[in-house]
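# Understanding the architecture of this molecule
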Amino acid sequence: MAGVPVVVIGAGVVGLSTAIKAQEAGHSVTIVAEALPGDVKSIHYTSPWAVRRALIVNADHSFATDAYGVQFIQQGAHHVSLAGKDARQQKMDRETFKTMWAMSANEAEGCFLRLPQVEYYAEEGDRVSAEEYRNVYPDFRELSKSELIQNSLSGASFTTLTIDTAVYLPYLLQRFLSKGGRAVRAKVQHISQAIDGAFSPANSPPEAVFVCAGLGARSLGGVEDKDVYPIRGQIVLVRAPWIRFGRTMSSLDGLWTYIIPRRSGDVIIGGTKAPNDWYPTPRPETTRSILERCLALCPELVPPEVRDKDPSRQPTIADLKPIIIEEGCGLRPARKDGIRLESEVVEGSNRKAIVVHNYGHGGYGYQSSWGSATIALDLLSQALK
């Protein structure tokens, strides 16, 4: 099938992955976004390595910052599937892990850190599917009772990878541009602007538009999906290059304690899962809770020289304060019915185009990005027949 002109709205991990997949399928692709990976810190866009972001939320829950898939903070990104019995999510996560695992050994090695991961589950509802994980991750095994920590009912160990978002997103954009892709900096107010060719080369309006707008899908004209909502997460970034393993304690009550090291030596510790919480800045009491929980889960966070001075002393959060870089919070773009992956034909002002929706990933954007992009491209292929 011959390629067609395509526009992708959004330059987050989902938008970039979708744009690359479309490009590899032979389409001529333009990304349009108000902000792009690599931008300097500003009130309008805080790039992925800026931990404390200036996020302005309007009264109607729209954004004064760029709303189209680029609300980035220094959140932790590791590949740990939580697909459960959702077959579609399992498939997306498997494909994404396979793709990232291959990338981590080749041209994008600097974006990833391969490492051993241990998951503890505080409730039976959190229990991992051994079959699911065994089909995805190397070295998988379930933990024995003797290996469990306080307040955990089950657990698993396996090998996975973490993603340094501050490196990975610019890498994806550069990969896209180097193959002839176009990136246009613009604010999309209504999807008809993209359909009518406002962001496309002259005389080449798009045959298809991919909506990878994240939370922006709530307010993007012509989409305005009110089933999209935020799941607020808060983290602390510390400098701890001696940590080369991942560790997580999951529960169903909104507490989600994790240790996510990056190749750079920085470590993300967190966190929270708070649906419909739009609060835009870190809460001090939450930061203290994160430090307490992460220290209990991983006392190795305390610098080795401090631990070595008095091995019998119980570590305290005061031991962590010298290695804190910043605090951060962000809004994961979730959707009530899960990821929206579907196509439709939409009328613009003077023409129509295929619109493929690919948004609503919640906290799973990185770990399902390549898999959801494949489904989005399949939807386009079917619509073009």
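For the structure, check the block above.
This is a predicted model, so every value here is computed, not measured.

What the six strands build is an open sheet, ordered β6-β2-β1-β7-β15-β14; its pairing is mixed. With partners counted over all chains shown, the strands left at the sheet margins are β6 (182–185) and β14 (340–347), one partner each. Between one strand axis and the next, the sheet turns through 20° on average, direction left out of account. Strand direction decides the pairing type here: strand β2 (residues 28–33) and β6, joined by four bridges, are parallel. Note that in β6 the partner of V32 across the bridge is V184. Against the sheet, helix α4 (residues 165–178) touches β2 and β6, its axis set at about 120° to β6. Contacts from helix α8 (residues 365–384) reach β1 (5–9), β7 (208–211), β14 and β15 (352–359) within the one sheet, and its direction differs from that of β15 by about 160°.

The end-to-end C-alpha separation of α4 is 20 Å, in line with the 20 Å expected for 14 residues at 1.5 Å each. Taken residue by residue, α4 has T165, A166, Y168, L169, Y171, L172, L173, R175 and F176 as its buried positions. Of the residues trailing α4, G180 is marked for its positive phi of about 100°.

Counting across every chain of the model gives ten aromatic pairs. Both rings, one in W256 and one in Y258, keep their centres 5.3 Å apart while their planes meet at 75°; by these two values the pair is edge-to-face. The two residues W256 and Y258 agree in class, both being buried. Three or more aromatic residues joined by ring pairs make a cluster, and in this case those are F97, W101, Y133, Y137, F140 and F158. For K273, the ring lying beneath its charged end belongs to W256, and the centroid distance is 5.0 Å.

Right, let's get into the side chain of S17. Relative to the elements of secondary structure, S17 occurs in helix α1 (residues 13–24). Here S17 falls in the buried class, since its relative accessible area comes to 0%. Looking at S17, its side chain comes within polar contact range of the main-chain oxygen of V13, at 2.7 Å. Residues within four places of S17 in sequence aside, it is in contact with L172, S369, W370 and A373.

Let us look at the pairing of β2. When you tally the buried positions in β2, you get five out of six residues, the bulk of the element. Here five bridges tie β1 to β2, and the two strands are oriented parallel to one another. Considered in β2, the bridge of V6 is made with V29. A crossover links β1 with its parallel partner β2, the connecting element being α1, and its sense is right-handed.

Here the focus is the environment of V356. Turning to its location among the elements, V356 is positioned in strand β15. Since its relative accessible area comes to 0%, V356 is described here as buried. Here the alpha-carbon distance between V356 and V8, two residues 348 residues apart in the chain, equals 9.4 Å.

What counts and how
Residues numbered from 1 in each chain as written. Predicted model: local features only at pLDDT ≥ 70, side-chain atom pairs only at ≥ 80, totals over all residues. Heavy atoms only, no water. Pairing = 2+ DSSP bridges. Helix = DSSP H or I, 4+ residues; strand = E, 2+ residues; numbered from the N terminus. Axes fitted to C-alpha atoms, helices over the stretch in contact; angles between N-to-C directions. Contact = heavy atoms within 4.5 Å. Expected span 1.5 Å × (residues − 1). Buried < 20%, exposed > 50% of the residue type's maximum accessible area, 1.4 Å probe, protein only. Phe/Tyr/Trp six-rings, centres within 6.5 Å; stacked < 30°, edge-to-face > 60°. Lys NZ or Arg CZ within 6 Å of the ring centre and 35° of its normal. Polar contact = N/O pair within 3.5 Å; in protein donor to acceptor, adjacent residues only side chain to side chain. Right-handed = clockwise from strand over helix to strand, strands pointing away.

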